Amino acid sequence: MNSSTRKLLTIITESALERVLVGDIEKLGAHGYTITDARGKGHRGPRTAVWDESSNIRIDVVCDDVTAMAIAEHLQVHYYPNYGMILFMSDVAVLRPEKF
Amino acid sequence: MNSSTRKLLTIITESALERVLVGDIEKLGAHGYTITDARGKGHRGPRTAVWDESSNIRIDVVCDDVTAMAIAEHLQVHYYPNYGMILFMSDVAVLRPEKF
Amino acid sequence: MNSSTRKLLTIITESALERVLVGDIEKLGAHGYTITDARGKGHRGPRTAVWDESSNIRIDVVCDDVTAMAIAEHLQVHYYPNYGMILFMSDVAVLRPEKF
């Protein structure tokens, strides 16, 4: 079975951002995304502010490296300063690379 | 602390497939699975069809390499042509390998 | 874009443990966590007992290696014998390491 490597980009943030982030993600070249509802706790931009939201979302995007970096940079510039948001990336093997 | 490496196999697909996929996953040798409800967007089999489902599921399976490959091949043959489905794999460290 | 490596620790367990686990995770030094509701099947401590819970949770924690190991050891000692619980870890790239 042939497999290829792609990036799995996971974004955890406030659910109020769902619609605008989905638009950004598609505009920046991702072919799909998956959203799950979540809750949790983290630290918002300024270190002193705690981000404790019951209505968070988790967005997972599988895409090529260039697209993953573009999305990460875009989010860091536009949302990190004012929203509770974390983002992490790892490599995953996929079967049909043309889908991503 | 001893740890071993296993495969984390993640399947994102239409929720209508939940029952049949769970049966397949168990029959192919996985010792457990976790399902979360999700929503998202992707591309279905034929490149022109967009898969935009509010009722998707995410199934995560931690298992050995052989089982992960068997599940992936089975899904690719039986469901990829007719359902919205993506699948990706990565290595994870587990503490009690006999559980997986 | 600068990125650093952190551990992604994923715990899947019975939802009844949510409050106590969140307390443990914070006490052991993690700066945040994300919880999603899940369902699934696994094997409980004694190999003969099947853990089949509709109300499970998935907790994801991104933290440094030392904190991840401390949490994993704590959970293994305190909860593995009596609760349905699995735990797996992998490396992820993060953008703002000071958040984790």
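Residues numbered from 1 in each chain as written. Chains lettered and ligands numbered in written order. Predicted model: local features only at pLDDT ≥ 70, side-chain atom pairs only at ≥ 80, totals over all residues. Heavy atoms only, no water.

**Topic: the overall build of chain A**
On a plain count of helices and strands, chain A comes out with two helices and four strands. Starting at the N terminus and ending at the C terminus, chain A contains elements arranged as β-α-β-β-α-β. Here chain A, with 100 residues, has 53% of them falling under the buried criterion. In chain A, once contacts between residues fewer than 6 apart in sequence are set aside, the share between residues at least 24 apart is 74%. As presented, chain A carries roughly 4,300 Å² of accessible surface, and 48% of it is formed by carbon and sulfur atoms. (Helix = DSSP H or I, 4+ residues; strand = E, 2+ residues; numbered from the N terminus. Buried < 20%, exposed > 50% of the residue type's maximum accessible area, 1.4 Å probe, protein only. Contact = heavy atoms within 4.5 Å. Areas by Shrake-Rupley, 256 points an atom, 1.4 Å probe, with all protein chains shown as cover.)

**Remarks on the side chain of A:Thr36**
Among the structural elements, A:Thr36 can be located in strand 2 (residues 33–43). With relative accessibility at 4%, the residue A:Thr36 sits in the buried group. If we ignore the near neighbours within four places in the chain, the residues touching A:Thr36 are A:Asn56, A:Ile57, A:Arg58, B:Thr36, B:Asp37, B:Ala38 and C:Thr36.

**Topic: the layout of surface pockets**
Approximately 280 Å³ is the volume attributed to the largest pocket. Lining the largest pocket are 24 residues, with A:Leu8, A:Ser90, B:Leu8, B:Ser90 and C:Ser90 sitting closest to its centre. Among the secondary structure elements, those contributing two or more residues to the lining of the largest pocket are strand 1 (4–14) and strand 4 (85–94) of chain A, strand 1 (4–14) and strand 4 (85–94) of chain B together with strand 1 (4–14) and strand 4 (85–94) of chain C. Here the residues of the lining of the largest pocket sort into 11 nonpolar, six polar and seven charged. (1 Å grid on protein atoms, 1.4 Å probe; cavity = no way out; pocket = protein on both sides within 12 Å on 5 of 7 lines; lining within 4 Å. Points joined across faces, edges and corners; volume = space filled by probe spheres on them. Nonpolar A, V, L, I, M, F, W, Y, C, P; charged D, E, K, R; others polar.)

**Digging into the interface of chain A and chain B**
At the junction of the two partners, chain A supplies 24 residues and chain B supplies 23 residues. In total, chain A and chain B occlude about 2,000 Å² of area from one another, counting both sides; carbon and sulfur atoms represent 55% of this. Where chain A touches chain B, the interface holds four salt bridges. With a closest N to O distance of 2.6 Å, A:Glu18 and B:Arg39 form a salt bridge. Those elements giving two or more residues to the side of chain A that touches chain B turn out to be helix 1 (18–27), strand 2, strand 3 (50–63) and strand 4 of chain A. Ranked by residues supplied to the side of chain A that touches chain B, first place goes to strand 2 of chain A with five residues. Taken together, the residues of the side of chain A that touches chain B break down into 11 nonpolar, four polar and nine charged. (Buried area = accessible area lost by both parts, 1.4 Å probe. Salt bridge = Lys/Arg side-chain N within 4 Å of Asp/Glu carboxyl O.)

**What about the relation of the copies chain A and chain C?**
Under the fitted operation, chain A is carried onto chain C by 0.0 Å of movement along the axis and a turn of 120°, and the coordinates agree to an RMSD of 0.0 Å. Given the turn and translation reported, the copies of this chain are related as if by a three-fold rotation axis. Taking the C-alpha atom as reference, chain A places A:Thr36 closest to the rotation axis, 4.4 Å from it. The residues that chain A uses at the interface reappear at the interface of chain C in only 13% of cases, marking distinct surfaces. (Least-squares fit on C-alpha atoms with pLDDT ≥ 70 in both.)

**Observations concerning the environment of A:Ile57**
Note on placement: A:Ile57 falls in strand 3. On the basis of relative accessible area, A:Ile57 is assigned to the buried category, the value being 0%. In this structure, A:Ile57 is in contact with A:Ile11, A:Ile12, A:Thr13, A:Glu14, A:Ser15, A:Glu18, A:Ile35, A:Thr36, A:Asp37, A:Ala38 and B:Arg39, ignoring residues within four places of it in sequence.

**Examining the pattern of salt bridges**
Any two side chains of opposite charge can pair, so long as their charged atoms come close to each other. The tally for this structure, following the rule as stated, stands at 18 salt bridges over all chains. With a closest N to O distance of 3.0 Å, B:Arg58 and A:Asp60 form a salt bridge. Here B:Arg58 is found in strand 3 (residues 50–63), whereas its partner A:Asp60 is found in strand 3 on a different chain. Three or more residues are tied together by salt bridges with common partners; here these are A:Arg58, A:Asp60, B:Arg58, B:Asp60, C:Arg58 and C:Asp60.

**Focus on the interface of chain A and chain C**
Facing 23 residues of chain A, the contacting portion of chain C comprises 24 residues. In total, chain A and chain C occlude about 2,100 Å² of area from one another, counting both sides; carbon and sulfur atoms represent 54% of this. Considering only the surface of chain A that becomes buried against chain C, A:Arg39, A:Lys41 and A:Phe88 emerge as the three largest contributors, covering 32% of it. At the boundary of chain A and chain C, one finds four salt bridges. Element by element, the count of residues in the side of chain A that touches chain C is highest for strand 2 of chain A, at eight residues.

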